[in-house]
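Chain residues, written in single-letter form:
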Amino acid sequence: MWRITGDVKYREWGWEMFTSFMNYTAVEDQGGFTSLADANTIPPRVKDNMESFWLAETLKYMYLLFSDNSLMPLDKIVLNTEAHPFPRFDMGDYFKTGWQRKARDSNGKIIETEKPSTTTTA
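In what follows, the accompanying structure is described.

Rules used throughout
Residues numbered from 1 in each chain as written. Predicted model: local features only at pLDDT ≥ 70, side-chain atom pairs only at ≥ 80, totals over all residues. Heavy atoms only, no water. 1 Å grid on protein atoms, 1.4 Å probe; cavity = no way out; pocket = protein on both sides within 12 Å on 5 of 7 lines; lining within 4 Å. Points joined across faces, edges and corners; volume = space filled by probe spheres on them. Helix = DSSP H or I, 4+ residues; strand = E, 2+ residues; numbered from the N terminus. Nonpolar A, V, L, I, M, F, W, Y, C, P; charged D, E, K, R; others polar. Phe/Tyr/Trp six-rings, centres within 6.5 Å; stacked < 30°, edge-to-face > 60°. Buried < 20%, exposed > 50% of the residue type's maximum accessible area, 1.4 Å probe, protein only.

Once that is clear, we can look at the layout of surface pockets. Considered as a void within the structure, the largest pocket measures approximately 460 Å³ in volume. As for the largest pocket, its lining consists of 18 residues, of which Met-1, Trp-2, Tyr-61, Leu-64 and Leu-65 are closest to the centre. Of all the elements in the fold, those that place two or more residues in the lining of the largest pocket are helix H1 (2-5), helix H2 (9-24), helix H3 (52-66) and strand S1 (77-79). Residue contributions to the lining of the largest pocket peak at six residues, all from H3. A breakdown of the residues in the lining of the largest pocket according to their chemical character gives 14 nonpolar, two polar and two charged. Space inside the second largest pocket adds up to approximately 330 Å³.

Here it is in structure tokens:
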């Protein structure tokens, strides 16, 4: 959301998350991070594992949150659910669906348009 809105609150929230990761999940003297049994309990009960998505996704999104917008610009790449970047490209006429976005007002509400009547008159 930081990249789309430029609202600093997203970076502030991200920093709070990162400091919590450092305070509660960093493994002392051994490196790495551990999982929590319950993130709602302070101090949390830790588990003896590091989830695979921690490095592959979580830290990648943290890095992008605090990096310059020119690094992996969102108008040039798209990230899949595993946080892998793929280049964006123009699909051209090969993949047209006929779908069109509904018009919205300044508040984001869909503007209702009159639907053509499906009844016939004799």
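More follows now that the structure is in view.
Turning our eyes to something else, we now look at the packing of aromatic side chains. Enumeration over the complete set of coordinates arrives at five aromatic pairs. Between the aromatic rings of Tyr-10 and Trp-13, the centroid separation amounts to 5.4 Å while the plane-to-plane angle is 85 degrees, which identifies the pairing as edge-to-face. Of this pair, Tyr-10 and Trp-13 both sit in helix H2, three residues apart, which is roughly one turn of that helix. Seen in terms of ring centroids, Trp-15 and Phe-66 are 6.1 Å apart; in terms of plane orientation they differ by 90 degrees. Their pairing is edge-to-face. Of this pair, Trp-15 sits in helix H2 while Phe-66 sits in helix H3, placing them 51 residues apart in sequence. You can call Phe-66 partly exposed: its relative accessible area is 36%.

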